[in-house]
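Descriptive structure summary
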Amino acid sequence: MIIKGYDTDEIKENFDKVRSLISEAAAKSPNGKPPILLAATKTVPVEVINYAAEHFGLTDIGENRVQELMEKYDSLDPRLRVHFIGNLQKNKVKYLIGRTVLIHSVDNTALAAEISRRSLATGIVTDVLVEVNIADEASKSGVSPNEALAFAESLSQFEGIRVRGFMTMAPAGSSDEEYHKYFKKTYRIFIDFSAKKSDNIIEPVLSMGMSDSFIAATEEGSTIVRIGTALFGKRRYDI
Ligand SMILES: *Cc1c(COP(=O)(O)O)cnc(C)c1O
């Protein structure tokens, strides 16, 4: 079937292939289990997303622009867990509170404070991840790997958020060896963080791996992979 120009047979094949590669890679993961498959759905029409939820067992999606998320939100299959995975400005936080199960991209105290304040005002606690700029790239958001653990711990002052772990985006176009190096490094930060939170019964989260890196990320201990292109094909900005 074709929905809005997307071939559902092709998408089904993509889901099958990605899932089988993930379960193969998970055999090597220190977590001993496969990561959650989160579909990165920027530019993907809501009809296609809902079809994947209904027919391919899609459970988690991530949007990276607040406006696009808001345009889609009311039409999304209500069973979908919606994550926010993009850069977030303080003035847009209010739109996400109560709509997202996890915000993957907290990298400054002012943003954390605003998420906390808005969450408390709504009577909820919002789960967040600290974004780590694992290669210390000048152009990228995220906290430096040296500061990530201390920054994550400093957020315990905010009662309206709960830091679940870390998210990273390795430099695009890295070699397989480099991907392994960056993800291994992020996994170490995650393990240090988890060890210090041993009193916490809630499972820690490590969000890493995209279309070109999810096998390496899974092998290095990712608990959520964020995949767009490998599921839906090249992004189309014309519809
Ligand atoms: C788009 C996006 C992805 C998925 O990228 P692909 O290369 O298409 O798999 C993952 N994470 C974030 C934050 C994104 O914006």
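**Some points on the pattern of salt bridges**
Close approach of charged atoms allows side chains with opposite charge to pair. Taken as a whole and judged by the stated rule, the model has 17 salt bridges. Among the ionic pairs, D60 bridges to R81, the shortest N-O distance being 2.7 Å. Within this pair, whereas D60 is found in strand β4 (residues 60-63), its partner R81 is found in strand β5 (residues 81-84), the two being separated by 21 residues in sequence. Of the charged contacts, one joins R79 and D77 as a salt bridge, the two residues approaching to 2.7 Å between their closest N and O atoms. On the basis of relative accessible area, D77 is assigned to the buried category, the value being 11%. Members of the salt-bridge network, linked through shared partners, are E63, R65, E68 and K72.

**Quick notes on the packing of helix α6 (residues 145-154) against helix α7 (residues 176-196)**
The interhelical angle for the contact between α6 and α7, taken along N-to-C directions, is 25 degrees, at an axis separation of 10 Å. The angle between α6 and α7 places the two elements in the roughly parallel class. Between α6 and α7 lies a crossing of right-handed hand. Only K185, I189, D192, F193 and K196 of α7 make contact with α6, whose side of the interface consists of P145, A148, L149, A152 and E153. Of the residues in the contact of α6 with α7, the class split is six nonpolar, no polar and four charged.

**Re the site of the ligand**
All residues adjacent to the ligand are A40, K42, N64, I85, M169, M210, S211, R226, I227, G228, T229 and R235. Contacts to the ligand include K42, whose side-chain N or O atom sits 2.6 Å from an oxygen atom. The contact in question runs from an oxygen atom of the ligand to an N or O atom on the side chain of N64, over 3.1 Å. Within the complex, the protein chains bury 91% of what would otherwise be the 390 Å² of accessible surface of the ligand. Tallied by class, residues from the shell around the ligand come to five nonpolar, four polar and three charged.

**Comments concerning the packing of aromatic side chains**
Taken as a whole and judged by the stated rule, the model has six aromatic pairs. Between F15 and F56, the ring centres sit 5.6 Å apart and the planes meet at 45 degrees, which makes this aromatic pair tilted. Of the two residues, F15 is situated in helix α1 (residues 8-26) and F56 in the loop between α2 (46-55) and β4; the sequence distance between them amounts to 41 residues. A relative accessible area of 1% means that F15 is categorised as buried. A residue is classified by how much of its surface remains accessible, and F56, at 11% relative accessible area, is buried. With 5.8 Å between their ring centres and 45 degrees between their planes, Y187 and F190 make a pair best called tilted. A residue pair is termed a helical-turn pair when its members lie 3 or 4 positions apart in one helix, as Y187 and F190 do in helix α7 at three residues. Note on F190: relative accessible area 4%, which makes it buried.

The rules behind the values
Counting of residues starts from 1 at the beginning of each chain's written sequence and follows it residue by residue. Reporting of local features is limited, given that this is a predicted model, to residues whose pLDDT is at least 70; pairs of side-chain atoms are given and counted only at 80 or more, and all residues count toward the totals for whole chains, interfaces and linings. The side-chain quantities take in all heavy atoms of the structure and omit both hydrogens and water. When a carboxyl oxygen of Asp or Glu lies within 4 Å of a side-chain nitrogen of Lys or Arg, that pair is called a salt bridge. Numbered from the N terminus, helices here are DSSP runs of H or I no shorter than four residues, and strands are runs of E no shorter than two. When a residue's accessible area, from a 1.4 Å probe over protein chains only, is under 20% of the maximum for its type it is buried; when over 50% it is exposed; and in between it is partly exposed. Working convention: axes come from line fits to C-alpha atoms, limited for helices to the stretch in contact. Angles between N-to-C directions cover 0 to 180 degrees. Note on terminology: angles under 35 degrees are roughly parallel, angles over 145 are roughly antiparallel, angles of 65 to 115 are roughly perpendicular, and the others are oblique. In this scheme the crossing of two helices becomes right-handed for a clockwise turn of the near helix relative to the far one and left-handed for an anticlockwise turn of less than a right angle. Contacts between residues were defined by any pair of non-hydrogen atoms, one from each residue, lying within 4.5 Å. Residues are grouped as follows: Ala, Val, Leu, Ile, Met, Phe, Trp, Tyr, Cys and Pro are nonpolar; Asp, Glu, Lys and Arg are charged; every other residue, Gly included, is polar. A single heavy atom is enough: if one lies within 4 Å of a molecule or strand, its residue is considered near that molecule or strand. Pairs of N or O atoms within 3.5 Å make up the polar contacts considered here, provided that, within protein, one atom can donate a hydrogen while the other can accept it, and that residues adjacent in sequence are counted only when both atoms are side-chain atoms. With residues, only the protein chains shown are counted as cover, and all accessible areas are computed by Shrake-Rupley using a 1.4 Å probe. For this analysis, a ring pair means two rings from Phe, Tyr or Trp (six-membered ring only for Trp) whose centres lie within 6.5 Å, classed as stacked if their planes differ by under 30 degrees, edge-to-face if by over 60, and tilted for the remaining angles.

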